[in-house]
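A look at the structure
The primary structure of each chain is shown beneath.
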Amino acid sequence: MSVLDGPKTVAIAPAAATAVKRAKRPARRPWPLVAGSVILGLIVVVLLLTPWIAPADPTQQDLTQRLAGPSAEHWLGTDQLGRDLLSRLMYGGRFSVTIAGITVAICAVLGTLVGILCARVRGAFDELVMRVCDVLLAFPEMIVAMFVVSILGASKTTLILALVVGGWTPFAKLARGVAIEVDARGFIEAARALGCSRQFIVLRHLLPNSLNPLMAHAALRFGHKLITVGALSYLGLGVQPPAADWGSMLAAAQPFLSQAPHLVVYPGLAIFVTALSVTMIGQGINARRGSRS
């Protein structure tokens, strides 16, 4: 018996040592998470410093410089009213990114709380809330937002409310599903057996274990919200002149596309890069979560 045990021990020992070494290695962060975080960080820093680093007043007009190309005075050129395009991009980004960020935060908190409550209560309440979610999800979020803004009027508060009305439902669905899946695990049963309260189980176990998928979904939804904000402003339902945001800049530049294509390129590129960076962060969170499981 001892003769047979010897080779097994020798064969198993290297594999065990390799497994221990791998477990001790720090997990590599997925490159989309790193790249997206760097790009988004740079964008956020620029937008935060806009009042101090913007080269000009975004509303100051100079008709003698209308539709001018890039120059030393105006790095990205000017628009149809001679306003500095770079300054308007920076100030417009503050509006677009802020509205998208506030909306996603409200939707994430509201939807997560409702989803976890449904998973814990179940029964008629859960069924009613899920049917409401199904009804709201049946309509495109853009249509719901346009309907709300057209009734209440265009303003920052109305725009946030319009995006929240249909935006919390995906978070509620996801949070409910994750909470039900986590609730079936053994450590939840152990916590119940030890007499832990519902509040303790939710705060100590359900929320922490639901955080990663919800963060990934929030990152992915941010890009969608940013594009929706731009689309509403493009249709005249967002920020009102003379203030700027990326969507309204695209709308104003459309008649001058052949004369000054840079008026369309820069706002469109700003929306694309910002949405892409946050989407990469969401994909990186998903990849990291998958590598750990």
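Residues numbered from 1 in each chain as written. Predicted model: local features only at pLDDT ≥ 70, side-chain atom pairs only at ≥ 80, totals over all residues. Heavy atoms only, no water.

**Topic: the overall build of the protein chain**
Quick note on the threshold: A helix here means a DSSP run of H or I that spans at least four residues, while a strand means a run of E at least two residues long, and both kinds are numbered starting from the N terminus. The cut-offs for exposure are 20% and 50% of the maximum accessible area for each residue type, with area from a 1.4 Å probe on protein chains only; residues under the lower value are buried, those over the upper are exposed, and the others partly exposed. Throughout, a residue-residue contact means that at least one pair of heavy atoms, one from each residue, lies within 4.5 Å.
Broken down by element type, the protein chain carries twelve helices and zero strands. Order of helices (α) and strands (β) in the protein chain, N terminus to C terminus: α-α-α-α-α-α-α-α-α-α-α-α. Across the 293 residues that make up the protein chain, the buried fraction comes to 41%. By sequence separation, contacts in the protein chain at least 24 residues apart represent 72% of the contacts at least 6 residues apart.

**A look at helix H2 (residues 31-48)**
Put simply, the rule is: Working rule for helices: expected span equals 1.5 Å times residues minus one. Directions are taken from the helix axis to each C-beta atom, and the arc is the one they span.
Taking 1.5 Å per residue, 18 residues should reach 26 Å; H2 reaches 26 Å between its end C-alpha atoms and fits that length. Looking only at H2, the buried set comprises Pro32, Leu33, Gly36, Leu40, Ile43 and Leu47. The buried residues of H2 occupy one face: seen down the axis, they fall within an arc of 110°. Those residues of H2 that are exposed and angled more than 90 degrees off the buried face are Trp31 and Leu42.

**Focus on the packing of helix H4 (residues 85-121) against helix H7 (residues 156-167)**
Inclusion rule: Lines fitted to C-alpha atoms define the axes, with helix axes restricted to the stretch in contact, and inter-axis angles between N-to-C directions lie between 0 and 180 degrees. Angle categories are assigned with fixed cut-offs, so that under 35 degrees is roughly parallel, over 145 is roughly antiparallel, 65 to 115 is roughly perpendicular, and the rest are oblique. Rotating anticlockwise by less than a right angle from the far helix to the near helix defines a left-handed crossing, while the corresponding clockwise rotation defines a right-handed one. All amino acids are sorted into three groups, where Ala, Val, Leu, Ile, Met, Phe, Trp, Tyr, Cys and Pro are nonpolar, Asp, Glu, Lys and Arg are charged, and the leftover types, Gly among them, are polar.
Close contact between H4 and H7 brings their axes to 9 Å; oriented N to C, the two are set at 40°. With respect to H7, the element H4 is oriented oblique. Seen from above, H4 lies across H7 with right-handed handedness. Contacts between H4 and H7 involve Phe95, Ile99, Ile102, Thr103, Ile106, Cys107 and Leu110 from the first element and Lys156, Leu159, Ile160, Leu163, Val164 and Gly167 from the second. Looking at the contact of H4 with H7 residue by residue, the classes come out as ten nonpolar, two polar and one charged.

**Details of the nonpolar core**
Filter applied, for reference: Buried Ala, Val, Leu, Ile, Met, Phe, Trp, Tyr and Cys residues that are joined via side-chain atoms within 4.5 Å together make up what is termed a nonpolar core.
Judged by nonpolar contacts, the single largest core of 59 residues is most densely connected at Ile99, Leu159, Leu163, Phe171, Trp246 and Leu263. If you list the elements that add at least two residues to this core, you get H2, H4, helix H6 (141-152), H7, helix H8 (169-183), helix H10 (198-234), helix H11 (246-253) and helix H12 (262-292). Considering every element that reaches this core, the biggest residue donor is H4, with 13 residues. Leaving out residues up to four positions away in the same chain, Phe171 has contacts with Val104, Cys107, Ala108, Gly111, Thr112, Leu214, His217, Ala218 and Arg221. Membership of the second largest hydrophobic core comes to seven residues, among which are Cys118, Met130, Cys133 and Ala172.

**A word on the environment of Ala260**
Of note, Ala260 is situated in the loop between H11 and H12. Between the C-alpha atoms of Ala260 and Gly77, which are 183 residues apart in sequence, the distance is 9.3 Å.

**As for unusual backbone geometry**
The backbone phi angle of Leu67 is positive, close to 60°, even though this residue is not glycine. If you check the backbone angles, Arg122 has positive phi at about 60° while not being a glycine. Assignment of secondary structure puts Arg122 in the loop between H4 and helix H5 (123-138).

**Details of the pattern of salt bridges**
Going by this rule: By definition, a salt bridge exists where a carboxyl oxygen of Asp or Glu is found within 4 Å of a side-chain nitrogen of Lys or Arg.
Using the criterion set out here, one finds nine salt bridges in the structure. When the shortest N-O distance is used, the salt bridge between Asp79 and Arg88 registers 3.6 Å. Each member of the pair, Asp79 as well as Arg88, is classed as buried. A salt bridge links Asp134 to Arg131, with the nearest nitrogen and oxygen atoms 2.7 Å apart. Within this pair, Asp134 and its partner Arg131 are both found in helix H5, separated by three residues, close to a single helical turn. Looking at Asp134, the relative accessible area reads 30%, which means it is partly exposed. A residue is classified by how much of its surface remains accessible, and Arg131, at 37% relative accessible area, is partly exposed. One salt-bridge network, held together by shared partners, links Glu127, Arg131, Asp134 and Lys173.

Treat this as a map of the structure, not an account of what it does.
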